[in-house]
Amino acid sequence: LGSNMTITTMNEMGDFTGIYNTAVSATTRKIEQSPLVGSQHLPDQQKDQPTFGFTVNWSFSDSITVFTGQCFVDKHGKEVLKTMWLLRSRVDKYGDDWKAT
């Protein structure tokens, strides 16, 4: 859909930080880049397409999204991230919890 994740730092343990620019949003607020933190399993010779997870703390809404997935390399050598995600929005009261995730 045109979203873009930029990893700015990664340490030797596979922990990383960066920014996420989403192309889609349900809010009426202006979309802004948002910080992310995550971790990946470091690839080795037997496992060269690592699993990973990261969390985006949306700068323009009261919500957080967690992503988990795996990096694949297609037959043309292009890296592709396949993910699943779960978004949690803030609600004002306990009774509204059902519609927050």
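Predicted model only: the values in this text are computed from it and were never measured.

Colleague: Is there a simple way to think about the sheet that holds strand β2 (residues 15-21) in this case?
Modeller: The pairing of strands in a sheet comes from backbone hydrogen bonds and takes either a parallel or an antiparallel form. Read across the sheet, 6 strands follow the order β1-β2-β3-β4-β5-β6 without closing on themselves; strand pairing throughout is antiparallel. Edge positions in the sheet fall to β1 (4-10) and β6 (79-89), since each has one partner strand and no second. For this sheet the average axis-to-axis angle between neighbouring strands, irrespective of direction, equals 25°. For β1 and β2, the ladder comprises 6 bridges, and the chain directions are antiparallel. By the bridge assignment for β2, Thr9 is matched with Thr17.

Colleague: Would you explain the nonpolar core in this entry?
Modeller: Across soluble globular proteins, nonpolar side chains have a tendency to be buried as a group. Grouped together as the largest cluster of nonpolar side chains are 9 residues: Phe16, Tyr20, Leu36, Phe52, Phe54, Val56, Trp58, Phe60 and Phe67. Looking at this core, the elements with two or more residues in it are β2 and β4 (51-57). Element by element, the count of residues in this core is highest for β4, at 3 residues. Those residues in contact with Phe60, other than ones at most four positions away along the chain, are Thr22, Ser25, Thr27, Arg29, Lys30, Ile31, Glu32 and Ser34.

Colleague: Would you mind showing me how to read the environment of Asp62 here?
Modeller: Tracing the backbone through its elements, the reader meets Asp62 in the loop between β4 and β5 (63-73). Judged by its relative accessible area of 45%, Asp62 falls in the partly exposed class. For the pair Asp62 and Ile19, spaced 43 residues apart in the sequence, the C-alpha separation amounts to 17 Å. Every residue in contact with Asp62, bar those within four places of it in the chain, is listed here: Arg29, Arg88, Ser89 and Arg90.

Colleague: How do you make sense of the pairing of strand β3 (residues 34-40) when you look at a structure like this?
Modeller: Regular strands have side chains that alternate between both faces of the sheet. Of the two faces of β3, only the one carrying Ser34, Leu36, Gly38 and Gln40 is buried; Pro35, Val37 and Ser39 on the other face are not. As judged from the 5 bridges shared by β3 and β4, these two strands associate in the antiparallel manner. Bridging across to β4, Ser39 finds its partner in Gly53.

Colleague: What should I look at first to understand the layout of surface pockets in this one?
Modeller: Any empty space left between atoms is shown by rolling a water-sized probe over those atoms. Empty space within the largest pocket amounts to approximately 770 Å³. If you trace the largest pocket, you find 27 residues lining it, with Tyr20, Thr22, Val24, Trp58 and Phe67 closest to the centre. Broken down by secondary-structure element, the contributors of at least two residues to the lining of the largest pocket are β1, β4, β5 and β6. For the lining of the largest pocket, the element with the highest residue contribution is β6, accounting for 5 residues. Residues that form the lining of the largest pocket fall into these classes: 13 nonpolar, 11 polar and 3 charged. Empty space within the second largest pocket amounts to approximately 260 Å³. Surrounding the second largest pocket, Met5, Ile7, Met10, Phe16, Gln40, Asp48, Pro50, Phe52, Cys71, Glu79, Val80 and Leu81 form its lining. When contributions to the lining of the second largest pocket are tallied by element, the ones reaching two or more residues are β1 and β6. When grouped by side-chain class, the residues that make up the lining of the second largest pocket number 9 nonpolar, 1 polar and 2 charged.

Criteria and cut-off values
Residues numbered from 1 in each chain as written. Predicted model: local features only at pLDDT ≥ 70, side-chain atom pairs only at ≥ 80, totals over all residues. Heavy atoms only, no water. Pairing = 2+ DSSP bridges. Helix = DSSP H or I, 4+ residues; strand = E, 2+ residues; numbered from the N terminus. Axes fitted to C-alpha atoms, helices over the stretch in contact; angles between N-to-C directions. Core = buried A, V, L, I, M, F, W, Y, C linked by side-chain atoms within 4.5 Å. Buried < 20%, exposed > 50% of the residue type's maximum accessible area, 1.4 Å probe, protein only. Contact = heavy atoms within 4.5 Å. 1 Å grid on protein atoms, 1.4 Å probe; cavity = no way out; pocket = protein on both sides within 12 Å on 5 of 7 lines; lining within 4 Å. Points joined across faces, edges and corners; volume = space filled by probe spheres on them. Nonpolar A, V, L, I, M, F, W, Y, C, P; charged D, E, K, R; others polar.

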